Each structure stands twice: as structure tokens, then as C-alpha cells.
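Read off the chains here:
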Amino acid sequence: MPEAVITMDGWYCLHDFRSIDWTAWKYASNEDREQAINEFQQLIGKWEDTEKSKEGSHALYTIVGQKADFMMMILRPTMEELNEIETTFNKTKLAEFTTPAYSYVSVVELSNYMGNTDENDPEIQARLKPTLPKWNHICFYPMDKRRQGNDNWYVLEKEDRAKLMYAHGMTGRQYAGKIRQIITGSIGFDDWEWGVTLFAHDMLQFKKLVYEMRFDEVTSRYGDFGSFYVGNILKPEAVEQFFHI
Ligand code: VOV
């Protein structure tokens, strides 16, 4: 039996995608809309305090296309906190005007393919409990490693998987400073095996990186992908403008 990879796991992660019922929102009173926005801003304020004290992190993005209108990516030390945040949001006034579009539950994951196993290393800790970049754009998609005929990732020896992951890392490294990736593991948690969250200043870099990686053997032979969600940063000070009617 091939040797299993050992993972280091960090903060739990919820990707929460919502659609807005713009018709109901438009017909709501000014007072209700104001109240909904204020309450949401207060919630974001609390998340910012948590982020400042390094007890979690979050990212807010508006989503382009019809899959959702906005997304909240939340990182916290426990699943209970994620659940609480989700429920708190669901109880807000704003939630009355949103419908769930998609969600993804996972945990920040690093593998030991590259030989990094020292969980006490401050650099590893920073990667397991990251402050999410507030870059202009986000790209999220879930993925699996294929298990089909001759292309079965899970029957490969660890050494062979490590070689393929090394080549993957080399491709990724060329995008240093242009793209930041957060890989979250979801085996046993959600419908796919990993969530891939990419941040970029320049939207086009997502296409360039993802396209280039399609030619890496680990992707071309072993990568299966779910739906892609892309969007633009929703800064707290822009929340009012985004919801303005
Ligand atoms: C900026 C781009 C970038 C960089 C530098 C990068 C590097 C690395 C390294 C060094 C490592 C291995 C060690 C670790 O840290 O775990 C990984 C790990 C992983 N990656 Fe990656 N990846 C990138 C980017 C990147 C992308 C765009 C994708 C999606 C694939 C694609 O084709 O669309 C991806 C996927 C993954 C996955 C699913 C894993 C875990 C696989 C497993 O079997 O455990 N990744 N990745």
C-alpha cells in the first residue's frame, strides 16, 4: 500500500456564497435597508477585531456571474466558531434578503511532500493560520485528485507523488507576488477533496496560472475540478455603495 501523505492542518475555513434578492431589497424601506447594512458592517467590524488579534481571518468579495452575488471566506480555529458565524449572519436583517448559493467547508492544509514537517516552525504556523490577503480579486474552486483506470493518484507511491507535487510547486513559484494560494483540505468534510482559493491583484493572472498548470502532469493526469467562482474585493467602506439602491 502506498504511504499516505501526512498533513499539517491549520484554521478551519468556510466559504459562504450568497445571492441577493434584489427585488425584495429594492422594495424594502430605506429604514430596513439602512438597518441591514449597519448590522452587516458591525459584523464585519467584529471580524476585523478577530483578525487584528490573530484569532482568525476573513475575506469579502463580490462575485461576477450568476453563481452568487457575494462571498464571505472565514477562517477560525474551530468548526464551532464557523458555525456560529454562519448562524449569526443568518439571523441578520441582511440575510432576509439573501439566499444561500454555495458553501464549502475545509481546513487550511499543508502536506509533507516538500519535507516540511515542523509544525512549530513560525513560517509554517503563519501559513496554517494565515491573514487572508485583501487583494483585488479572488478565484475559488474545489478539486479532486483523479482515481480512474491508470490515472489513480491514490495508488502512486509517495515518492512519485512528491515528484509531481515538486513540479507543481515550481510552476506556482513563478507567480510569486502575483498570486497567493490558500489550499484547504476537505476530505471527509465536503464534496471535493480540496478547495483552491487564489488571490491576485490582476485578474488575468488566474487564467495564466490555471492554464499553465493544466499542462503539469499532476493536473493533466490527476486533476478534476468543480465550479469556478471569481470576484472583486468588497472593502468594508464599499459595502454601502454595493447595496445602495
Ligand atoms: C501561486 C501558486 C501556487 C504555488 C506556489 C503552489 C505550491 C504548492 C506546493 C509547494 C504544494 C505542496 C506542499 C503544500 O504546501 O501542501 C502545493 C499543494 C497543493 N496545491 Fe498548489 N500551488 C499553487 C497554486 C495551486 C493551484 C492553482 C492549484 C489548483 C490546481 C490546478 O491545476 O488548477 C493548486 C492545488 C494544490 C493542491 C490540491 C495541493 C495539495 C495536494 C496534495 O496532494 O496534498 N495549487 N501547492
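To be clear, the structure that these remarks concern was listed above.
In this text the structure is predicted, and so the values were computed from the model without any measurement. (Residues numbered from 1 in each chain as written. Predicted model: local features only at pLDDT ≥ 70, side-chain atom pairs only at ≥ 80, totals over all residues. Heavy atoms only, no water.)

Draft legend 1. Region of the structure containing the coordination of the iron atom of the ligand. Just one protein ligand coordinates the iron atom of the ligand, and it is H168 (NE2) at 2.0 Å. Turning to its location among the elements, H168 is positioned in helix α5 (residues 158-173). (Donors = N, O, S within 2.8 Å, 3.2 Å for Na, K, Ca; no water. Helix = DSSP H or I, 4+ residues; strand = E, 2+ residues; numbered from the N terminus.)

Draft legend 2. Spatial organisation of the pairing of strand β11 (residues 229-233). Note: strand β2 (residues 57-63) against β11, three bridges, orientation antiparallel. By the bridge assignment, Y61 is partnered in β11 with I233. Pairing geometry for strand β5 (residues 137-145) and β11, over four bridges, is antiparallel. Residue I138 lies in a different strand from β11, and its bridge partner there is G231. (Pairing = 2+ DSSP bridges.)

Draft legend 3. Here's a closer look at empty space enclosed by the protein. Overall, the coordinates contain one cavity of 30 Å³ or more when judged by the stated rule. Looking at the largest cavity, its volume works out to about 30 Å³. Lining the largest cavity are L14, D16, W47, M72, I74, I85, E86 and F89. At the level of secondary structure, the elements contributing two or more residues to the lining of the largest cavity comprise β1 (7-20), β3 (70-76) and α3 (79-90). Ranked by residues supplied to the lining of the largest cavity, first place goes to α3 with three residues. (1 Å grid on protein atoms, 1.4 Å probe; cavity = no way out; pocket = protein on both sides within 12 Å on 5 of 7 lines; lining within 4 Å. Points joined across faces, edges and corners; volume = space filled by probe spheres on them.)

Draft legend 4. Structural context of the pattern of salt bridges. Taken as a whole and judged by the stated rule, the model has eight salt bridges. When the shortest N-O distance is used, the salt bridge between D224 and R146 registers 3.0 Å. On the criterion of sequence distance, the pair formed by D224 in strand β10 (residues 223-225) and R146 in the loop between β5 and β6 (147-148) is long-range, its members being 78 residues apart. Residue class for D224 comes out partly exposed when judged on its relative accessible area of 27%. R146 gets classed as buried once you look at its relative accessible area, which sits at 15%. Across the salt bridge formed by E193 and R147, the nearest N and O atoms sit 3.7 Å from each other. On the criterion of sequence distance, the pair formed by E193 in the loop between β8 (179-185) and β9 (194-200) and R147 in strand β6 is long-range, its members being 46 residues apart. (Salt bridge = Lys/Arg side-chain N within 4 Å of Asp/Glu carboxyl O. Buried < 20%, exposed > 50% of the residue type's maximum accessible area, 1.4 Å probe, protein only.)

Draft legend 5. Structural view of the nonpolar core. F40, W47, M72, F89 and F243 are the most contacted members of the largest nonpolar core, which has 23 residues in total. Those elements giving two or more residues to this core turn out to be β1, α2 (30-52), β3, α3 and α8 (239-243). Take this core: its biggest share by element is six residues, from α2. Residues contacting M72, with those up to four places away along its chain left out, are L14, H15, D16, R18, F40, W47, A59, L60 and F89. Formed by 19 residues, the second largest nonpolar core is a distinct cluster that contains W11, A59, Y104 and I182. (Core = buried A, V, L, I, M, F, W, Y, C linked by side-chain atoms within 4.5 Å. Contact = heavy atoms within 4.5 Å.)

Draft legend 6. Quick peek at the packing of aromatic side chains. Here the structure, examined in full by the defined rule, presents 25 aromatic pairs. Centroid distance F70 to F89: 6.4 Å. Interplanar angle 65°. Geometry classified as edge-to-face. Of this pair, F70 sits in strand β3 while F89 sits in helix α3, and the two are 19 residues apart along the sequence. Of the residues examined, F70 reaches a relative accessible area of 0% and is grouped as buried. Clustering of aromatic rings is evident, with ring pairs tying together W22, W25, F40, F70, F89, F97, F242 and F243. If you follow K145 out to its NZ or CZ, it ends over the ring of W153, 4.0 Å from the centre. Above the face of the F225 ring, R214 is positioned so that its terminal group lies 4.3 Å from the ring centre. (Phe/Tyr/Trp six-rings, centres within 6.5 Å; stacked < 30°, edge-to-face > 60°. Lys NZ or Arg CZ within 6 Å of the ring centre and 35° of its normal.)

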